[in-house]
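# Remarks on the overall topology
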2 protein chains.
Amino acid sequence: MMTKQKAKFSLGLDFGTNSVRALLVDVGNGREIATAIHNYGTGQAGIILDSHNPNLARQNPGDYLTGLTAAVKDTLAKAKRADKKVDPSRVIGIGIDTTGSTPIPVDANGTPLNFHKEFKKNPNAMAWLWKDHTGHTEAAEITVLAANEHPEYLAKCGGTYSSEWFFSKILHCLRADPKVFDAAASWVECCDYIPAVLTGETRPDKILRSRCAAGHKAMFNNNWGGLPAKDFLAKLHPKLGALRDRLYSETYTADIPAGKLSNEWAGKLGLPKGIPVAVGAFDAHLGAVGSGVSPGKFVKIIGTSTCDICVWPNDRPLADIPGLCGIVDGSVLPGYFGLEAGQSAVGDIFNWYVEYIQPGGPAKGSHEALTKKAAKFKPAQSGLLALDWNNGNRTILVDQRLTGLLLGQTLHTRPEEIYRALIEATAFGALTIIKRFEEYGIDTQEVINCGGIAEKNPLVMQIYADVIGKEMKVARSAQTCALGSAIAGAVAAGKDTGGYGTFGQAQAAMCGIKKKTFKPDPKNHKIYQEIYPLYRKLHDAFGTKDWSGSLYSVMKDLLALRDRQLTTDK
Amino acid sequence: MMTKQKAKFSLGLDFGTNSVRALLVDVGNGREIATAIHNYGTGQAGIILDSHNPNLARQNPGDYLTGLTAAVKDTLAKAKRADKKVDPSRVIGIGIDTTGSTPIPVDANGTPLNFHKEFKKNPNAMAWLWKDHTGHTEAAEITVLAANEHPEYLAKCGGTYSSEWFFSKILHCLRADPKVFDAAASWVECCDYIPAVLTGETRPDKILRSRCAAGHKAMFNNNWGGLPAKDFLAKLHPKLGALRDRLYSETYTADIPAGKLSNEWAGKLGLPKGIPVAVGAFDAHLGAVGSGVSPGKFVKIIGTSTCDICVWPNDRPLADIPGLCGIVDGSVLPGYFGLEAGQSAVGDIFNWYVEYIQPGGPAKGSHEALTKKAAKFKPAQSGLLALDWNNGNRTILVDQRLTGLLLGQTLHTRPEEIYRALIEATAFGALTIIKRFEEYGIDTQEVINCGGIAEKNPLVMQIYADVIGKEMKVARSAQTCALGSAIAGAVAAGKDTGGYGTFGQAQAAMCGIKKKTFKPDPKNHKIYQEIYPLYRKLHDAFGTKDWSGSLYSVMKDLLALRDRQLTTDK
């Protein structure tokens, strides 16, 4: 693909857990002109930790601003070097995705509290990163109160309010550090803060808040008038009830401009003044957009954990699907419910195994070496079966108090067999989620994968195809989140300036699928169809309250399948 | 201890899986004067394997004879060097223990068939080592027939006839290699063959057969007239029925002389002519003797697998205890039932983990390094729980078709925590066996451990004490099997020649306990008493047909115990 003389560009900004990425995209064809990453400077790999409290994870919002400046300038410079026809003056829009829920306490001007001298080194005055779990007690409290008084609040978020979410964190701050809480005029999600800064309008009551963040993490829903009722929040703490008035009552989808790029930031970044900056959204949701999500397309963003995203027209009836992380109108595409599910650990399990458990060194124990050896095994040949719960179960059990399980070891079990069993466990977990969607009538016909593991490990993709029984496609872009943001930028810019009127039009032009796809091997799929009920037996036995049955056959059935596979071998 | 001028000696010969050990012992005080080992020369570490058949494990009986000659001569030479007062002429008896069931097909003279040219390289004409499982189909067949027609045959051996045992192997030979079967005048256990050779009387009908081998592995019991009925064996195969007449009808305990050392072998070995050679027995059973077994003393021989041995007066009533490997009158001590139980893998599980699964090298991943790190954990602190079934379950489930299980892994789980969980799993398995004995009224008041792991790993012993809630003692001798054989030699020699009239008298003089014992830590024992029901839940859920219940709490209970332990830490 060539860059046309009159090509227009959009800039996607993807704020991850450890770094920010900028990506410059050709709006006409999705060509990725240049990209750059900047690592956050504060803490360990950008995260402020507390050796006395493993639940704590914060970030310095200053890192976001330093990082985005560096990443954008670097991207533009690279673009210039790569293609002289690329001119920053033809950038028509900016889109932003971030982690979340990552709320920041701010003053009346929207300035993060840790920018003030008195709170400079106070982690409670910084961004409360998504993976901060200090509010686990508060999360349980919110869940109980909602279950009793407003079960509808939980029905859209899997039945459990998480410690990773907005109000758990704020309520915890209120209790753990009332000084910070009292100093906060409001709290803004990271994905709301960045567009606010870039447009120069950071006053909390002026910020256009993200539907995606509000709906998935703050129980925002127009059905019950936006945020949870004031008296509900007040029952948790009167001050939390009072805070509701200083939060927001409207939310916006990512096709809407949050505002225009301020002169100050246009100058800093070397971009045209006044171009639209889209309302922010979460990384997984815009990642799904960048993967081409639309009805019938099921996007799996596979990284350390996994997000599964699909959409459903908001004018068609949709049940509350138990166990999903969230069902939010407009969180992915305007006009559609965004449905989010996920696995608490996927790549993290493989990394844990490779880094800590398996035997030594890159030659024997790397992902590459283990993958190569694991690929030689047939399904069932090892007799192993694992549960993928080393970090709890997000969907469909919504239970952090679950742990891993490995079954079927003999004295002959070798490390690569365990590695393969762990991959298979995550595939069975993925299948369990897809089945849940399908039970509720959601079409998951086409599965599109993206993220590091989908890119790098064909064995994982093949096992997913064989286990799930569907062709696994992989998104063309290696950074679908940043691409999704760039698409939001192009839609926020609109047709008249060379962008698009809708996400659908933008995706049609800018998204794609890699040529190489992974089709299920019918023989392997058949065996996995025999193993899955065994996985499901363990899943239900350890993960559900009302299960009853016998596990007596599990080890024996696995051995019988193994023996059959070994015999077929000859 | 000094060797008295007039000291008498006994020689113990211990035929293990890979080598034979000779041990010269002072009959007066059990002092171990000298010992030597000779590795078998044929096959891999003395075992003939078949790359096409993982079930096959054979030995060349010639190795036994070469090995015993070398080991005895070496021992006597070492003894001479160590103490000039030690004179081989004062050796009064020889005792023998071997692995088993390890039957050898022999001709009418008692010569192993592979000593004949035509069968020289035929593994079926050699010794069928205990761990040969080629007869697994035949074992199942024998079990079914016995269950239907003679359930009493199985009642004394845990309800299942094993592929490791006498008739499974012979029936398999009959089918797989009828030429060898037809050429065999009889079959003799290794522990019968060695005394026969040393006494010069190898004719099958003249050999004094071991009660221990016959009772534990060949369903021999005087209650039903010795070996299983001819028509029973004939139903399995007419030729097997016919073979019964060429086997034996009498069996003997290890206090009885099988005969006197032949002139030929006295000359070869440098020992006095005509000294008594005791009837043979299995290694574990004489190991228990060497550990000082008597009523109320429960001996655990802990190696790659574990044998648990205790005794019960044969004039007191004793129920058939379900799940035990064997209950045989006189198999350990004359006048007592010998009760045998065991765990299919203990050291083998630790070795598997260290050799294959854990991360690299002696510094990080040796038994020593892992033990050191694992010792720092409190019970329950890791949140892990394992089943010790990597090689099936011998007692109390008697089920080879069971496999390992590890539960409770998180992303923070480290290798030493898994190592500790595996140790704990074997401790829970040991406790399950002890509980079974106690349920049937067997006194297990005093636990005496022996074998490599009991000798070398204090953490294992401490965890066993904490889990089982009893003091763990360790036998004084590092080679209790060979010592037990030497004791048998001293009893076979009798009082008049300077030996003993009974095993009890010999043990009183020749056995001992190490000073260092392992007492349960009450706090740890209390926690393990909370974990054991969780182990038992998994044990029963996966190991028994009729279990029903909920496993929902298992992971959560472990996390709760972990959290409690972590809090107590502060």
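Residues numbered from 1 in each chain as written. Chains lettered and ligands numbered in written order. Predicted model: local features only at pLDDT ≥ 70, side-chain atom pairs only at ≥ 80, totals over all residues. Heavy atoms only, no water.

## Let's talk about the interface of chain A and chain B
The partner chain B presents 48 residues to the 48 residues of chain A that form the contact. Taken over both partners, the interface formed by chain A and chain B buries close to 4100 Å², and the fraction arising from carbon and sulfur atoms is 60%. Applying the counting rule to chain A against chain B returns 4 salt bridges. Here A:D563 makes a salt bridge to B:R401, at a shortest N to O gap of 2.9 Å. Here chain A is connected to chain B by 21 residue pairs in polar contact (both at pLDDT 80 or more). Listed by contribution, the elements that provide at least two residues to the side of chain A that touches chain B are α12 (347-357), β18 (404-409), α15 (415-439), α20 (522-543) and α21 (552-569) of chain A. It is α21(A) that contributes the most residues to the side of chain A that touches chain B, 8 residues altogether. (Contact = heavy atoms within 4.5 Å. Buried area = accessible area lost by both parts, 1.4 Å probe. Salt bridge = Lys/Arg side-chain N within 4 Å of Asp/Glu carboxyl O. Polar contact = N/O pair within 3.5 Å; in protein donor to acceptor, adjacent residues only side chain to side chain. Helix = DSSP H or I, 4+ residues; strand = E, 2+ residues; numbered from the N terminus.)

## Describing the packing of helix α18 (residues 480-493) of chain A against helix α19 (residues 503-510) of chain A
All names here are of chain A. Interaxial distance between α18 and α19 falls to 9 Å at its minimum, and their mutual angle equals 130°. Taken together, α18 and α19 sit at an angle that is classed as oblique. Judged by the sense of rotation from one axis to the other, the crossing of α18 with α19 is right-handed. For the pair α18 and α19, the contacting residues are L483, I487, A488, A490 and V491 in the first and F503, A506, Q507 and M510 in the second. (Axes fitted to C-alpha atoms, helices over the stretch in contact; angles between N-to-C directions. Parallel < 35°, antiparallel > 145°, perpendicular 65-115°, else oblique. Left-handed = near helix turned anticlockwise from the far one by under 90°.)

## Observations regarding the domain arrangement of chain A
All names here are of chain A. Split into domains, chain A comes out as domain 1 (9-283 + 481-510) and domain 2 (293-474 + 521-570). If you average the C-alpha positions of domain 1 and of domain 2, the two centres end up 30 Å apart. Both sides together, the interface formed by domain 1 and domain 2 hides about 1500 Å², and carbon and sulfur atoms give 52% of it. The interface formed by domain 1 and domain 2 holds 1 salt bridge in total. K156 is paired through a salt bridge with D320; the nearest N and O atoms lie 2.6 Å apart. The interface formed by domain 1 and domain 2 includes 7 residue pairs in polar contact (both at pLDDT 80 or more). If you list the elements that add at least two residues to the side of domain 1 that touches domain 2, you get α7 (211-217) and α19. Residue classes in the side of domain 1 that touches domain 2 are distributed as 5 nonpolar, 6 polar and 4 charged. (Domains from an automatic or database assignment. Nonpolar A, V, L, I, M, F, W, Y, C, P; charged D, E, K, R; others polar.)

## Thoughts on the relation of the copies chain A and chain B
Overlaying chain A with chain B gives an RMSD of 0.1 Å, the required rotation being 179° about an axis along which the chain moves by 0.0 Å. What we have between these two chains is a two-fold relation. The overlap is high: 100% of the interface residues of chain A also sit at the interface in chain B, so the same surface is used on both sides. (Least-squares fit on C-alpha atoms with pLDDT ≥ 70 in both.)

## A look at the pairing of strand β3 (residues 32-39) of chain A
Residues and elements named next belong to chain A. With 7 bridges joining them, strand β2 (residues 19-26) and β3 adopt antiparallel strand pairing. The partner of A22 across the bridge, within β3, is A36. Counted along the chain from β2 to the antiparallel partner β3, the turn is 5 residues long, and its residue G30 has a positive phi close to 80°. (Pairing = 2+ DSSP bridges.)

## Section: the side chain of A:T134
Residue and element names in this part refer to chain A. Relative to the assigned elements, T134 resides in the loop between β8 (127-128) and α2 (136-149). Assessed through its relative accessible area of 6%, T134 is described here as buried. Among residues more than four places away in sequence, those in contact with T134 are N53, N55, L56, R58, W128 and H172. (Buried < 20%, exposed > 50% of the residue type's maximum accessible area, 1.4 Å probe, protein only.)

## Details of the pattern of salt bridges
Two side chains bearing opposite charge may form a pair once their charged atoms approach each other closely. In total, this model carries 42 salt bridges over all chains according to the counting rule given. The salt bridge involving A:D83 is made with A:R31; its shortest N-O contact spans 3.5 Å. Placement of A:D83 in the loop between α1 (61-82) and β6 (91-98) and of A:R31 in the loop between β2 and β3 is noted, with a sequence separation of 52 residues between them. A single burial state applies to A:D83 and to A:R31, both of which are buried. Where B:D563 meets B:R562, a salt bridge forms, and the shortest distance between an N and an O atom there is 3.1 Å. Given a relative accessible area of 26%, B:D563 falls into the partly exposed group. Where salt bridges share partners, they join A:E138, A:E141 and A:R175 into one cluster.

## Side note on the packing of aromatic side chains
This structure, assessed with the given rule, holds 31 aromatic pairs over all chains. On the basis of an interplanar angle of 80° and a centroid distance of 5.2 Å, the ring pair of A:F298 and A:F437 is categorised as edge-to-face. Remark: A:F437 occurs in helix α15 and A:F298 occurs in strand β13 (residues 297-302); sequence separation between them is 139 residues. Accessibility classification places A:F298 together with A:F437 in one group, the buried group. Ring geometry for B:Y532 against B:Y535: centres 5.9 Å apart, planes inclined by 25°, an arrangement best described as stacked. Of this pair, B:Y532 and B:Y535 both sit in helix α20 (residues 522-543), 3 residues apart, which is roughly one turn of that helix. Accessibility assignment for this pair places B:Y532 and B:Y535 in one class, buried. For A:R58, the ring lying beneath its charged end belongs to A:W128, and the centroid distance is 3.4 Å. Here the basic side chain of B:R414 rests over the ring of A:Y356, its NZ or CZ set 3.3 Å away from the ring centre. (Phe/Tyr/Trp six-rings, centres within 6.5 Å; stacked < 30°, edge-to-face > 60°. Lys NZ or Arg CZ within 6 Å of the ring centre and 35° of its normal.)

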